[in-house]
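Descriptive analysis of the structure
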Amino acid sequence: MAYFPNMMQGIILRQEGKMQESLDFFQACQLYNPGHLENLKQIAKSWLLAGRHEAALETYVDIECALQKPDWEIYHNIGVCLYYMKQYAKAKEYLRRAIEVSSQGESYQVLKNILLLENDLDGALELFSAAEKSNADSAGPRLTLSLGLLLAKARHRNDALQRLMMETKNGAALLAAGCIMQERNDVNAALARYKLASHLMPESAALWNNVGMCFLKKQKFVAAVCCLKRANYLAPFDHKILYNLGLIHLVMQQLASAFHFLSAWVNQSPYRGQAYMLLAVVMWNLGSVEAAKVLFEQAARIDQKDPLVALNLAIFVHNTTKDTDLISSQLRDFQERMQNLQQTTGEFVDDELVRAAHFLADRHPREDNRIVEEEMII
């Protein structure tokens, strides 16, 4: 009938994953000592870990009403319950109150998840930037890592890399740093990061996918295919891996294998224009001109942003029907997409694509075929 042994027995059972048994002991403690806040906290925590968020929330609210002074744990756990119940506005309110009481990393992480679910990336960046400046208690390295990953997601590559390079024993940080280096065409530095990450997360499909694309850049095709096949084994329904496998087989002129992987991608992601575009290239190389034309037109209808889709359709028409009007319209579309791409994302179109567009414009001279050679592109 003693209070303390029953509470300790409940805590031990909860650590062993026996939630219902632990609750029985905590509720027995409640009979011996009604209204004891510490015991109510244990009951609410067991409800929360058992996934019974409404019961946990009710208990935490009762505790909040009886508090003599602000308690970080109560505010944080109420916010967590509301987060799982998808009441994001109230969850943010309680999590911010928890952060005001004590700047603990757990509250920042949950609040970040809510902001990302609301597509408020700027808000998440502002939150973690403020947390980093305030030197949050016992949360420094985790917050630095999270801020680095958020900066990478927001494409602030230099700031992201500066923080991610500090982490040498975190697989996610190594992978993100390698991605940034890979985007900068620093393949050897990216592979060095991926090598470290492979010891920490050997079953990461994203890691092996990126390693495969690095080997493709170095024209080591066998190694690239092996890595991409391993990534496909780990994540057979990942459309990016299927796309890359189709792409590398197309580069190697293994058209049947390319068709196999690209068809799988089209079946999984029927609303992605790039899939139809590459599949059209495969069909064109296989000699099926009509099928290629249908696929190119489908790609142009679905994908209204990628300049490569419009340019490939123009090249296809140039090599088949030589319809000057269609080529002209696709070149104008290519120019518009190229300018929109830089304005919205800051990315540049490869010079080789611009030269190909100029080549087509020269072969099919018309007043509206002139591609503007803006300084930002060349």
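Residues numbered from 1 in each chain as written. Predicted model: local features only at pLDDT ≥ 70, side-chain atom pairs only at ≥ 80, totals over all residues. Heavy atoms only, no water.

An unreviewed UniProt entry lists the chain under the name Bardet-Biedl syndrome 4 protein homolog, with Cloeon dipterum as the source organism. Here is the UniProt Sequence similarities (unreviewed entry) comment for the chain, exactly as written: "Belongs to the BBS4 family." (UniProt positions renumbered as here; feature names shortened; annotations may be inferred.)

Positionally, Arg 193 belongs in helix H12 (residues 187–200). Residue classification places Arg 193 among the buried positions, given a relative accessible area of 13%. When sequence neighbours within four positions are dropped, the list of residues in contact with Arg 193 reads Met 165, Glu 167, Thr 168, Leu 174, Ala 177, Gly 178 and Met 181. (Helix = DSSP H or I, 4+ residues; strand = E, 2+ residues; numbered from the N terminus. Buried < 20%, exposed > 50% of the residue type's maximum accessible area, 1.4 Å probe, protein only. Contact = heavy atoms within 4.5 Å.)

A few words now on the packing of aromatic side chains. The way to describe two aromatic rings as a pair is by their centre distance and the angle between their planes. One pass over the structure, following the stated rule, counts seven aromatic pairs. Ring centres of Tyr 243 and Trp 265 lie 4.8 Å apart, and the angle between their planes is 70°; this geometry places the pair in the edge-to-face category. Here Trp 265 lies in helix H16 (residues 255–268) and Tyr 243 lies in helix H15 (residues 239–251), a separation of 22 residues in the sequence. Note on Tyr 243: relative accessible area 17%, which makes it buried. Looking at Trp 265, the relative accessible area reads 2%, which means it is buried. Chaining the aromatic ring pairs together yields one cluster made of Tyr 83, Tyr 84 and Tyr 88. We note Arg 97 situated over the ring of Tyr 75; from NZ or CZ to the ring centre the distance is 4.4 Å. (Phe/Tyr/Trp six-rings, centres within 6.5 Å; stacked < 30°, edge-to-face > 60°. Lys NZ or Arg CZ within 6 Å of the ring centre and 35° of its normal.)

Now for the packing of helix H17 (residues 273–285) against helix H18 (residues 289–302). Running from N to C, H17 and H18 cross one another at 165°; their axes reach a closest spacing of 8 Å. One element, H17, and the other, H18, form an angle in the roughly antiparallel class. Taken as a pair, H17 and H18 cross one another with a handedness that is left-handed. Along its contact with H17, which presents Gly 273, Tyr 276, Met 277, Leu 279, Ala 280, Val 281, Met 283 and Trp 284, the element H18 presents Ala 291, Ala 292, Leu 295, Phe 296, Gln 298, Ala 299 and Ile 302. Partitioned by chemical class, the residues of the contact of H17 with H18 number 13 nonpolar, two polar and no charged. (Axes fitted to C-alpha atoms, helices over the stretch in contact; angles between N-to-C directions. Parallel < 35°, antiparallel > 145°, perpendicular 65-115°, else oblique. Left-handed = near helix turned anticlockwise from the far one by under 90°. Nonpolar A, V, L, I, M, F, W, Y, C, P; charged D, E, K, R; others polar.)

Okay, H17 next. Taking 1.5 Å as the rise per residue, H17 with 13 residues should run 18 Å; its terminal C-alpha atoms sit 19 Å apart, in good agreement. Judged by how many residues are buried, H17 sits mostly within the fold: 10 of 13 residues are covered. Within the span of H17, buried status applies to Gly 273, Ala 275, Tyr 276, Met 277, Leu 278, Leu 279, Ala 280, Val 281, Val 282 and Met 283. Directly beyond the C-terminal end of H17, a positive phi value near 90° is found at Gly 287. (Expected span 1.5 Å × (residues − 1).)

Let us now look at helix H13 (residues 205–217). Helix length check: H13, at 13 residues, gives a terminal C-alpha distance of 19 Å against a target of 18 Å (1.5 Å per residue), a fit within 8%. Counting buried residues in H13 gives 11 out of 13 residues, a clear majority hidden from the surface. Buried within H13 we find Ala 205, Leu 207, Trp 208, Asn 209, Asn 210, Val 211, Gly 212, Met 213, Cys 214, Phe 215 and Leu 216. Buried-residue contacts for H13 involve helix H11 (171–183), H12, helix H14 (221–234) and H15. Within two residues after H13, Gln 219 carries a phi angle of roughly 60°, on the positive side.

As a further point, take the environment of Ala 357. With respect to the secondary-structure elements, Ala 357 resides in helix H21 (residues 351–363). Residues Ala 357 and Asp 71 lie 286 residues apart in sequence; the distance between their C-alpha atoms is 64 Å.

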